[in-house]
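Notes for the structure review
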Amino acid sequence: MKFKTFITSPAFEHKAFVALMIAVSLAFLWILQPFAGAVFWGAVIAILFAPIQARLLRRWKDRRTLAALATLSLVVFIVVLPMTLLAGMLLKEGAALYQRVQSGETNFARYFEQVVAVTPAWLHDLLEHFGLTDFKDLQARIAEAVGRGSQWIAGQVYNMGQNALDLVVSFFVMLYLAFFLLRDGAALSQRIRAAVPLAPEHRRRLAEKFITVIRATVKGNILVAAAQGALGGLAFWFLGIKGALLWAVAMGFLSLLPAIGAGLIWLPVALFFLVTGAIWQGVALIAYGVLVIGLVDNVLRPILVGKDTRMPDYLVLISTLGGMAVFGINGFVIGPAIAALFVAVWDLFIEAREAEAQPAVAREGRDGGEGGAAGE
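Everything numeric here is computed off the predicted structure, so don't read it as measured data.

**Things to note about the overall build of the chain**
Across its full length, the chain carries 14 helices and zero strands. Put simply, the chain runs from its N terminus to its C terminus through helices and strands in the order α-α-α-α-α-α-α-α-α-α-α-α-α-α. The burial tally for the chain puts 29% of its 376 residues in the buried class. For the chain, the proportion of contacts with a sequence separation of at least 24, taken over those separated by at least 6, is 67%. Surface accessibility of the chain: about 24,100 Å² in total, with carbon and sulfur atoms responsible for 70%.

This is the structure in structure tokens:
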């Protein structure tokens, strides 16, 4: 009798419903896992282009489907097509670099030998201690590494060919989801916020923070990466460095890391120029890297990322590195978003504790005053 009463009690029904809801939600996330990247970027596209969707809705009298189609066409034109063209050019540059390395035209060991030849004696002894002055062995290691790299790239290309259908399906899932999120995103967002068991003000602030960080991180990092990559590639092309497009993309990718970014590419090249006697090229590249490429990072990133997210540079750097270590390339968005929500949740918690403490302090003050008056 007691057991029957227990399983029919409201408390048990509530717990059972919560457990069922969690189980069904986890199962839903599990079936979405094969398309996690497509779902993630579909949601990011919808968040980024939601202001354009809203502007078109005002102009076209709430014709949501037409506005979503127009916004998605804009996404394809300004994002998808340029990325496709860039990927094709990058594959061509990578193949050309591989051919130059294989033929010996590009010999990294010879470049390293030129650098070692002008190093101080103490540094030369240190390199010799680690076996880095045996240039034949070094060349063999580089050739082996290039061979492994080429095999890895070939394997990835083969896998892409084998999984071409999956890539196509994921691409269209991303666009399909982005369309419906653009069209119905406002209503869906309201339903999600209503389901979160928090105070309305807390739900509103967390949702605003999440959307702001996503927009600032993606928009800011991509603009900074494009600017630094383009400026670095232009400098390499002007100095006659082969594979300028490849190095430009590498600098753009590395610029996702605040503060250090593109300097990991252009600084070693500048130092190589200096130690091999190309003084004006080295000095010019260092000056250009610090004053132009570095200025983009120091000026644009705080404006586009730090100002909107209201996070210090060190937190953006750590969360970006950690996010990319855990989630891969998607981590440059997910990491700062989690960090921003972490800061926002703790701010809300501190505000709530302070609000609770103020009435207690006021009561203690009144009690003390009454006690003093009674004593008198």
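From this point, things continue past the structure.
**Things to note about the layout of surface pockets**
Taken as a whole, the second largest pocket encloses approximately 1,700 Å³ of empty space. In this structure, the second largest pocket is lined by 45 residues; those nearest its centre are Ala-43, Ile-47, Ser-189, Ile-192 and Phe-210. Within the residue set of the lining of the second largest pocket, elements represented by two or more residues are helix 2 (10-32), helix 3 (36-59), helix 8 (164-195), helix 9 (200-238) and helix 14 (331-375). It is helix 8 that contributes the most residues to the lining of the second largest pocket, twelve residues altogether. Here the residues of the lining of the second largest pocket sort into 30 nonpolar, seven polar and eight charged.

**Regarding a nonpolar patch on the surface**
Together, Ile-52, Leu-74, Phe-77, Ile-78, Val-79, Leu-81, Met-83 and Leu-86 line one region of the surface with nonpolar side chains, adding up to about 680 Å² of accessible area. Structurally, the position occupied by Ile-52 is in helix 3. A relative accessible area of 31% means that Ile-52 is categorised as partly exposed.

**Things to note about the packing of helix 3 against helix 9**
Two elements in contact, helix 3 and helix 9, have axes whose closest approach is 10 Å; the angle formed by their N-to-C orientations is 95°. If you check the angle between helix 3 and helix 9, you find them roughly perpendicular. For the pair helix 3 and helix 9, the contacting residues are Val-44, Ile-47, Leu-48, Ala-50 and Pro-51 in the first and Phe-210, Ile-211, Ile-214, Arg-215, Val-218 and Lys-219 in the second. Considered class by class, the residues forming the contact of helix 3 with helix 9 number nine nonpolar, no polar and two charged.

**Remarks on the environment of Thr-212**
As for its position among the elements, Thr-212 is in helix 9. Each C-alpha atom of the pair Thr-212 and Ile-47 lies 9.2 Å from the other, and the pair is 165 residues apart in sequence. Looking at Thr-212, its side chain comes within polar contact range of the main-chain oxygen of Glu-208, at 2.7 Å.

**Section: the nonpolar core**
Ranked by internal contacts, the top residues of the largest apolar core, which has 18 residues, are Ile-214 and Val-333. In terms of residues, this core owes the most to one element, helix 14, which gives six residues. In this structure, Ile-214 is in contact with Val-44, Ile-47, Leu-48, Val-333 and Ala-337, ignoring residues within four places of it in sequence. Phe-236, Leu-239, Ala-262 and Phe-273 belong to the second-largest nonpolar core, a separate cluster that totals 14 residues.

**A word on the pattern of salt bridges**
Taken as a whole, this structure holds three salt bridges when the rule is applied. Ionic pairing is found between Arg-64 and Asp-184, a salt bridge with its closest N-O pair at 2.6 Å. With Arg-64 in helix 4 (residues 64-103) and Asp-184 in helix 8, the pair connects residues that are 120 residues apart, well separated along the chain. Owing to a relative accessible area of 39%, Arg-64 belongs among the partly exposed residues under this scheme. Residue Asp-184 is classed as partly exposed on the basis of its relative accessible area of 24%. One salt bridge connects Arg-183 with Asp-184, and the closest N-O pair in it is separated by 3.1 Å. If you follow the salt bridges from partner to partner, you end up with Arg-64, Arg-183 and Asp-184 in one network.

**Here we look at the packing of aromatic side chains**
The relation between two aromatic rings is expressed through the spacing of the ring centres and the mutual angle of the planes. For the structure shown, the criterion picks out six aromatic pairs. Look at Phe-171 and Phe-172: their rings are 5.4 Å apart centre to centre, the planes differ by 80°, and that puts the pair in the edge-to-face class. The exposure class of Phe-171 is partly exposed, given its relative accessible area of 30%.

**Quick notes on helix 9**
The end-to-end C-alpha distance of helix 9, which contains 39 residues, comes to 56 Å, matching closely the 57 Å that a straight helix rising 1.5 Å per residue would cover. Backbone geometry just after helix 9 places Gly-240 at a positive phi near 80°.

**Description of the side chain of Gln-53**
In this structure, Gln-53 sits in helix 3. Those residues in contact with Gln-53, other than ones at most four positions away along the chain, are Arg-64, Ala-67, Ala-68, Thr-71, Leu-182 and Arg-183.

**Some thoughts on the confidence of the model for the chain**
In the predicted model, the chain carries a mean pLDDT of 75, and 70% of its residues have values of at least 70. Per-element averaging of pLDDT across the chain places helix 7 (residues 135-162) at the bottom with 55 and helix 3 at the top with 86.

**Examining the packing of helix 10 (residues 244-254) against helix 11 (residues 263-275)**
Two elements in contact, helix 10 and helix 11, have axes whose closest approach is 8 Å; the angle formed by their N-to-C orientations is 130°. By the angle class used here, helix 10 and helix 11 are oblique. Contacts from Trp-247, Ala-250, Met-251 and Leu-254 of helix 10 reach helix 11 at Leu-264, Ile-265 and Trp-266.

Rules behind the numbers
- Residues numbered from 1 in each chain as written.
- Predicted model: local features only at pLDDT ≥ 70, side-chain atom pairs only at ≥ 80, totals over all residues.
- Heavy atoms only, no water.
- Helix = DSSP H or I, 4+ residues; strand = E, 2+ residues; numbered from the N terminus.
- Buried < 20%, exposed > 50% of the residue type's maximum accessible area, 1.4 Å probe, protein only.
- Contact = heavy atoms within 4.5 Å.
- Areas by Shrake-Rupley, 256 points an atom, 1.4 Å probe, with all protein chains shown as cover.
- 1 Å grid on protein atoms, 1.4 Å probe; cavity = no way out; pocket = protein on both sides within 12 Å on 5 of 7 lines; lining within 4 Å.
- Points joined across faces, edges and corners; volume = space filled by probe spheres on them.
- Nonpolar A, V, L, I, M, F, W, Y, C, P; charged D, E, K, R; others polar.
- Patch = residues over 30% accessible without salt bridge, like charges linked within 9 Å, V, L, I, M, F, W, Y side chains within 5 Å.
- Salt bridge = Lys/Arg side-chain N within 4 Å of Asp/Glu carboxyl O.
- Axes fitted to C-alpha atoms, helices over the stretch in contact; angles between N-to-C directions.
- Parallel < 35°, antiparallel > 145°, perpendicular 65-115°, else oblique.
- Polar contact = N/O pair within 3.5 Å; in protein donor to acceptor, adjacent residues only side chain to side chain.
- Core = buried A, V, L, I, M, F, W, Y, C linked by side-chain atoms within 4.5 Å.
- Phe/Tyr/Trp six-rings, centres within 6.5 Å; stacked < 30°, edge-to-face > 60°.
- Expected span 1.5 Å × (residues − 1).
- pLDDT = per-residue confidence, 0-100.

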